[in-house]
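# Descriptive structure summary
Next come the chains, spelled out residue by residue.
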Amino acid sequence: YSVLTIQPREVKTYDDYPATIQGEDIVEIRPMVDGYLEAIYVPEGAMVKKNQLLFKIKNPQYEQAVITARAAIKIAEADVDVAKKSVEKVRPLVEKDIVSKYELEFAQYTLQSKEAVLAQVNSTLANAKTNLDYTIIRSPQNGIIGAIPYKIGALVNSATANPLTTLSNIENVYAYFSMNEKQLLTLSSTVDGNSMQEKLNHLPSATLLLADGTEYPDKGKLETASGLINTETGTASFKAIFPNPMGIIHSGASAIVRLHTTVESAILVPQSATYELQDKRFVYKLSDNNRVKSTTVKYTPTSDGQFMIILDGLKKGDRIVLNSYNLQDSILIIPKPVKVDSIYNPVHKI
């Protein structure tokens, strides 16, 4: 029987995780005032800059409120001027004891009242201008315009269910993915670090596979998105941050996050040298006197499924039987040593 002597070796493997892409910032553009959508200045999917004009809402009452407030200011200013002249007229008369000082106090109170009215109408004008400014909607940041569900002439208001559009800042994008409990345990046992973030920091940068299967050229940085396992799904959420200077990746897209890991001294055996019995994985281990013994192993499969990284059950120098089936324990065999290179050299990336 062909026999392989275990020699630890460096193994590079990877795992793929379905991911959903989200922009760094996603802003809902909603109207602050009521009115009819008069103009749409950008198409769906357009790249816009901060403060760029997006929409205009038509409501004549806001324009009329500004006109009315300005007229009220003129009246209030005139009243203030009259009250000032009244004070200036009464003051010398009081100084000469021609009229009572109460006349001057009355005139001063009247001036204060008129000044208060002027301040009030100035505030009314400021509010009217603010509401009028709200009819012009500009972009709060750089980004890409999403769907625009409303057409010109549609009645919109601040309580409308759907926003006018969404604005996605995609200079950086987040690829959100999940790991199940088994994958988390494997990560914890094979990667150094005292915390999950430390373990993620020890992993190589993440790779992103786009929907057409192509590999995105820039690498991503891994972060935890949630420190808790979802009790309903049994998964924990993570995210990989990718730079997106050309805007190639869009928010809402699907992709695959590929995480590479390197095990420096892995006990690696071919999958064909193992067998499964009652939900356990076994290998035929050879004793010093060339007798076979079925041995249970704990393992994690490589990405291509051809090999298994043994976590427990084998060590350096152990011999296992290759491509054998239904051997009985303690049976004596004649071992035929196999060169290690013939097993592993064809595999460049596992």
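Our structure is the block above this text.
Residues numbered from 1 in each chain as written. Predicted model: local features only at pLDDT ≥ 70, side-chain atom pairs only at ≥ 80, totals over all residues. Heavy atoms only, no water.

As a further point, take the side chain of Lys-199. Residue position: Lys-199 is located in helix 4 (residues 196-202). Of the residues examined, Lys-199 reaches a relative accessible area of 10% and is grouped as buried. In contact with Lys-199, other than residues within four places in its own chain, are Leu-187, Ser-188, Val-191, Asp-192 and Gly-193. (Helix = DSSP H or I, 4+ residues; strand = E, 2+ residues; numbered from the N terminus. Buried < 20%, exposed > 50% of the residue type's maximum accessible area, 1.4 Å probe, protein only. Contact = heavy atoms within 4.5 Å.)

Under the 1.5 Å per step criterion, the end-to-end length of helix 1 (residues 60-95) is 53 Å for 36 residues, consistent within 8% with the ideal 52 Å. What helix 1 keeps buried is the set Tyr-62, Val-66, Ala-69, Ile-73, Ala-76, Val-80, Ala-83, Val-87, Val-90 and Val-94. Looking at the buried residues of helix 1, the elements they touch are helix 2 (101-134). (Expected span 1.5 Å × (residues − 1).)

Taken as a whole, this structure holds six aromatic pairs when the rule is applied. Their ring planes at 90 degrees and their centres at 6.1 Å tell us that Tyr-174 and Tyr-176 sit as a pair that is edge-to-face. Since its relative accessible area comes to 16%, Tyr-174 is described here as buried. Residue class for Tyr-176 comes out partly exposed when judged on its relative accessible area of 29%. Where Phe-177 meets Phe-238, the ring centres are 5.9 Å apart and the plane angle is 25 degrees; that geometry is what we call stacked. With Phe-177 in strand 9 (residues 165-180) and Phe-238 in strand 12 (residues 235-243), this residue pair connects regions lying 61 residues apart in the sequence. Take Phe-177: its relative accessible area is 3%, and that puts it in the buried class. Note on Phe-238: relative accessible area 2%, which makes it buried. What links up through ring pairs into an aromatic cluster is the set Tyr-17, Phe-177 and Phe-238. (Phe/Tyr/Trp six-rings, centres within 6.5 Å; stacked < 30°, edge-to-face > 60°.)

Remember that the coordinates give geometry; whether it matters functionally is a separate question.
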